[in-house]
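# A structural walkthrough
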Amino acid sequence: QVQLVESGGGLVQAGGSLRLSCAASGRTFSPYAMAWFRQAPGKEREFVAAVSWSGGSIYYADSVKGRFTISRAYAKNTVYLQMNSLKPEDTAVYYCAADPSIDVVRTTNVRSWGQGTQVTVSS
């Protein structure tokens, strides 16, 4: 099992940027795909972005393509989500997720979740 801790959330104006970080600990020697999800009040948790263990496969939700970038730093066991051109509809709690499978990590059936970090975009 891998433990995940997110950071970097906050309040930003529309059009601004934030970078979220997710630090992994525990069984980090295992090959894990990583992903970001978000959940707005009253809505279901939705997939945002994912990256494979090798970094060779990257996926984005249509709603964030061209604005968000997922990356990982292997030496730091950390995955990042750079969010640019933020919109009020990006307001949500953002969760980091990990799973051995790049397919499963894009669903809510992932093996490990972080505690979440709040992102609020004001208009």
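To be clear, the structure that these remarks concern was listed above.
Structure report, in brief. (Residues numbered from 1 in each chain as written. Predicted model: local features only at pLDDT ≥ 70, side-chain atom pairs only at ≥ 80, totals over all residues. Heavy atoms only, no water.)

## Things to note about the side chain of R38
Mapped onto the fold, R38 is located in strand β4 (residues 33-39). At 3.4 Å, the side chain of R38 forms a polar contact with the side chain of S63. In this structure the side chain of R38 is engaged in a polar contact, spanning 3.0 Å, whose partner is the side chain of Y94. If we ignore the near neighbours within four places in the chain, the residues touching R38 are E44, R45, E46, V48, S63, V64, F68, E89, D90, A92, V93 and Y94. (Helix = DSSP H or I, 4+ residues; strand = E, 2+ residues; numbered from the N terminus. Polar contact = N/O pair within 3.5 Å; in protein donor to acceptor, adjacent residues only side chain to side chain. Contact = heavy atoms within 4.5 Å.)

## Considerations on the packing of aromatic side chains
Throughout the structure, instances matching the rule amount to four aromatic pairs. Among the aromatic side chains, those forming a connected cluster through ring pairs are F37, F47, Y95 and W113. For the cation-ring pair, R19 lies above Y80, with the distance from its terminal atom to the ring centre recorded as 4.2 Å. One Lys or Arg, R106, reaches over the ring of Y59 and ends 3.7 Å from the middle of that ring. (Phe/Tyr/Trp six-rings, centres within 6.5 Å; stacked < 30°, edge-to-face > 60°. Lys NZ or Arg CZ within 6 Å of the ring centre and 35° of its normal.)

## Some details on the nonpolar core
The biggest cluster of nonpolar side chains holds 35 residues, and the ones touching the most others in it are M34, W36, L81, M83 and Y94. Secondary structure elements with two or more residues in this core: β1 (2-7), β3 (18-26), β4, β5 (46-51), β7 (68-73), β8 (78-83), β9 (92-99) and β11 (117-122). (Core = buried A, V, L, I, M, F, W, Y, C linked by side-chain atoms within 4.5 Å. Buried < 20%, exposed > 50% of the residue type's maximum accessible area, 1.4 Å probe, protein only.)

## Brief notes about the pattern of salt bridges
Two side chains that carry opposite charge are able to pair once their charged atoms sit near each other. For the coordinates displayed, the defined rule picks out five salt bridges. Its salt-bridge partner being K65, residue D62 comes within 3.2 Å of it at the nearest N-O pair. Residue D62 is classed as exposed on the basis of its relative accessible area, which comes to 64%. Residue classification places K65 among the partly exposed residues on the basis of a relative accessible area of 49%. Close ionic contact of R106 with D103 constitutes a salt bridge, the shortest N to O distance being 2.8 Å. Taking relative accessible area as the criterion, D103 reaches 49% and is therefore assigned partly exposed. Connected via shared salt-bridge partners are R38, E46, R67 and D90. (Salt bridge = Lys/Arg side-chain N within 4 Å of Asp/Glu carboxyl O.)

## Some points on the sheet that holds β1
Sheet architecture is open: four strands sit in the order β1-β3-β8-β7, paired in antiparallel fashion. Only two strands of the sheet have a single partner each, and these edge strands are β1 and β7. Going across the sheet, the axis of each strand differs from the next one's by a mean of 20°, ignoring polarity. Sheet topology places β1 next to β3; six bridges connect them, and they run antiparallel. Among the inter-strand pairings, Q3 is bridged to a residue of β3, identified as S25. (Pairing = 2+ DSSP bridges. Axes fitted to C-alpha atoms, helices over the stretch in contact; angles between N-to-C directions.)

By themselves, these observations are geometric and do not establish any function.
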